[in-house]
Amino acid sequence: MSPQETATSVRNALPSGGLFAGLHWRTLPTPFALEKDLAKDIETLGRVLLQFYRAVNLLYRKSVEGKQPEWVARWLDLGKPAELIELQRSQAFKNDVPRVIRPDILLTENGYCITELDSVPGGIGLTAWFNRTYSQFEGAQVIGGAEGMIKGFEGVFGNAKTVHIIVSEEAATYRPEMEWMAQQMKGAEFKVHDSGFKDFKEGDAVYRFFELFDLANVANAKKIFAMASEGKIKLTPPPKPMFEEKMLFALLWNWNLRDFWRQELGESFFARLKKVIPYTWLLDPTPLPPHGALPGLNLTDWGQLKSLSQKERDLILKISGFSEKAWGARGVFLGSDLPQAEWVTAVDEAISGFEKSPYVLQRYEKPKLVETSWVDFEKNETVPMKGRARLSPYYFVAGEGDAARPQIGGILATIASADKKIIHGMSEAVLAPCA
């Protein structure tokens, strides 16, 4: 088939209900190809990230117990209501970590970097549909295979016979993809509900497709958390807001915690994470001593960020978590791309909002240019495109305790045009599975 015919076949295979409510993308005639070494590296990254989540979980508990610095738990609890902090510290969820792990990876001239982790990711159904659809074409070696996403997601819930996917109004854009996903399951019965559903039965499993900052708008959240606390239902991701915080990367880079990370991650995993995670700081406005300086920045207080020149501002400022601004491209500021006045406003907001909505600062790793082509259906022609790529691998964790293992289900590629500094799923972006 010609590229136009292949792309048309992809478009025609779209479910009648769509996958993203009201959202569209440009279509590639083939999967997005990765170099073999890169693909292998990303495929094995899941076990490193699972161990990182486990270590973060332990670090928080030890901080609460006074066996690690108290500021770890204090930072991670900032802005959280008491009932969520209580759940985060509950014995019922003591060892629970997210069972779906999705890093956002940018391809750079030096390899790749992980800009953040998402424990409540969209795109699961879309990537599953992509993998199945593109796998039908001759020669397509889609990572995860045709059914990797579907089997991976199903495996997260163990032997539960009924799985309820609870989608909040705030996440309603993703409801169509989860409905499609539920229809593909061959073992347990999967059902998609809004936040009004409360007819949970003992032995059921629940997938929490809502962010913890949005609990006031999720009517069934309290019942879900209560039943999960009592062991009556299986819940993932757990009600632990620390896993929705970007400051986890700032903790990884904090010199005071290096011995903890070495012990809990091992030298190999620790080195691997530091190689691919850009240096990250938490904007804690606590004054430094007169001889103190912020590591890697040579500044003595965060207010001095405002006086950096545009060339010196190859830095990303973003809200850490627990906010409606903490997902998508909202609450993200690229210093080198902003006029001075807007940068000053963003820095002031980050400093003043620390107690309620802390921000992180991260070194900006510029994505490299990649070449691809998409099909313009109106003109029936293939359009070459130079762009910048974000890869979103999905790892699904099956099994219990130390026997739990992550398995890659697939990788979603998002390629934005070369002039875009921040990559997200805009309508002018190309979306495709990786091979």
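### A closer look at helix α3 (residues 45-64)
- The terminal C-alpha atoms of α3 lie 29 Å apart, and with 20 residues this matches the ideal 28 Å at 1.5 Å per residue to within 8%.
- Within α3, 14 of the 20 residues are buried, which leaves it mostly tucked inside the rest of the structure.
- Looking one or two residues past α3, G66 carries a phi angle of roughly 85°, positive in sign.

### Regarding empty space enclosed by the protein
- Applying the stated rule across the entire model yields 2 cavities of 30 Å³ or more.
- In this structure, the largest cavity occupies an estimated 60 Å³ of space.
- Residue composition of the lining of the largest cavity, by class: 5 nonpolar, no polar and 3 charged.

### Describing the packing of helix α6 (residues 124-134) against helix α8 (residues 175-184)
- Two numbers describe how α6 lies on α8: the axes approach to 7 Å, and their chain directions differ by 55°. As the angle between them shows, α6 and α8 are arranged oblique. Judged by the twist between their axes, the crossing of α6 over α8 is left-handed. Residues I124, G125, L126, A128, W129 and R132 of α6 touch α8, and the partners they reach there are E177, M178, W180, M181 and Q184.
- Looking at side-chain class alone, the contact of α6 with α8 contains 7 nonpolar, 2 polar and 2 charged residues.

### A short note on the side chain of N57
- By the element assignment, N57 lies in helix α3.
- For N57, a relative accessible area of 3% puts it in the buried group.

### Regarding the pattern of salt bridges
- Tallying each qualifying case throughout the model produces 19 salt bridges.
- Salt-bridge contacts for R102 lead to D118; the nearest nitrogen and oxygen are separated by 3.7 Å. Of this pair, R102 sits in strand β2 (residues 100-108) while D118 sits in strand β3 (residues 111-118), placing them 16 residues apart in sequence.
- Classification of R102 by relative accessible area gives buried; the value is 9%.
- Taking the relative accessible area as the measure of exposure, D118 reaches 18% and is therefore buried.

### A closer look at the pairing of strand β13 (residues 381-398)
- Bridge count between β2 and β13: 4 bridges; the pairing is antiparallel. By the bridge assignment for β13, V100 is matched with F396.
- The antiparallel pairing of strand β12 (residues 369-376) with β13 creates a hairpin that spans 4 residues between the two strands, and N380 there sits at a positive phi of about 55°.
- In this sheet, strand β14 (residues 405-417) lies alongside β13 in antiparallel orientation, the contact comprising 12 bridges. Looking across to β14, one finds that P393 is bridged to I411.
- Hairpin connection between β13 and β14: a loop of 6 residues separates the two successive antiparallel strands, and G399 in this loop has a positive phi of roughly 100°.

### Quick notes on the nonpolar core
- Within the largest apolar cluster, 108 residues are counted, with the highest numbers of intra-cluster contacts made by F32, F153 and W261.
- The leading source of residues in this core is α3, at 11 residues.
- The contact partners of F153, leaving out residues within four places of it in the chain, are V100, I124, I165, M178, M181, M185, F190, Y207 and F396.
- L84, F200, I224 and F322 belong to the second-largest nonpolar core, a separate cluster that totals 19 residues.

### Focus: the sheet that holds strand β11 (residues 359-363)
- Spatially, β8-β11-β9-β10 is the arrangement adopted by the 4 strands of the open sheet, whose pairing is antiparallel. The open sheet has two free edges, formed respectively by β8 (280-282) and β10 (332-334), since each of these has just one partner strand. Across the sheet, the mean angle separating the axes of adjacent strands is 20° when strand polarity is ignored.
- Bridge count for β8 against β11 is 3 bridges, and the pairing is antiparallel. Its bridge partner being in β11, L282 is matched across the sheet by V360.
- Here helix α12 (residues 340-352) sits on the sheet in contact with β9 (315-319), β10 and β11, set at roughly 45° to β9.

How each quantity is defined
- Residues numbered from 1 in each chain as written.
- Predicted model: local features only at pLDDT ≥ 70, side-chain atom pairs only at ≥ 80, totals over all residues.
- Heavy atoms only, no water.
- Helix = DSSP H or I, 4+ residues; strand = E, 2+ residues; numbered from the N terminus.
- Expected span 1.5 Å × (residues − 1).
- Buried < 20%, exposed > 50% of the residue type's maximum accessible area, 1.4 Å probe, protein only.
- 1 Å grid on protein atoms, 1.4 Å probe; cavity = no way out; pocket = protein on both sides within 12 Å on 5 of 7 lines; lining within 4 Å.
- Points joined across faces, edges and corners; volume = space filled by probe spheres on them.
- Nonpolar A, V, L, I, M, F, W, Y, C, P; charged D, E, K, R; others polar.
- Axes fitted to C-alpha atoms, helices over the stretch in contact; angles between N-to-C directions.
- Parallel < 35°, antiparallel > 145°, perpendicular 65-115°, else oblique.
- Left-handed = near helix turned anticlockwise from the far one by under 90°.
- Contact = heavy atoms within 4.5 Å.
- Salt bridge = Lys/Arg side-chain N within 4 Å of Asp/Glu carboxyl O.
- Pairing = 2+ DSSP bridges.
- Core = buried A, V, L, I, M, F, W, Y, C linked by side-chain atoms within 4.5 Å.

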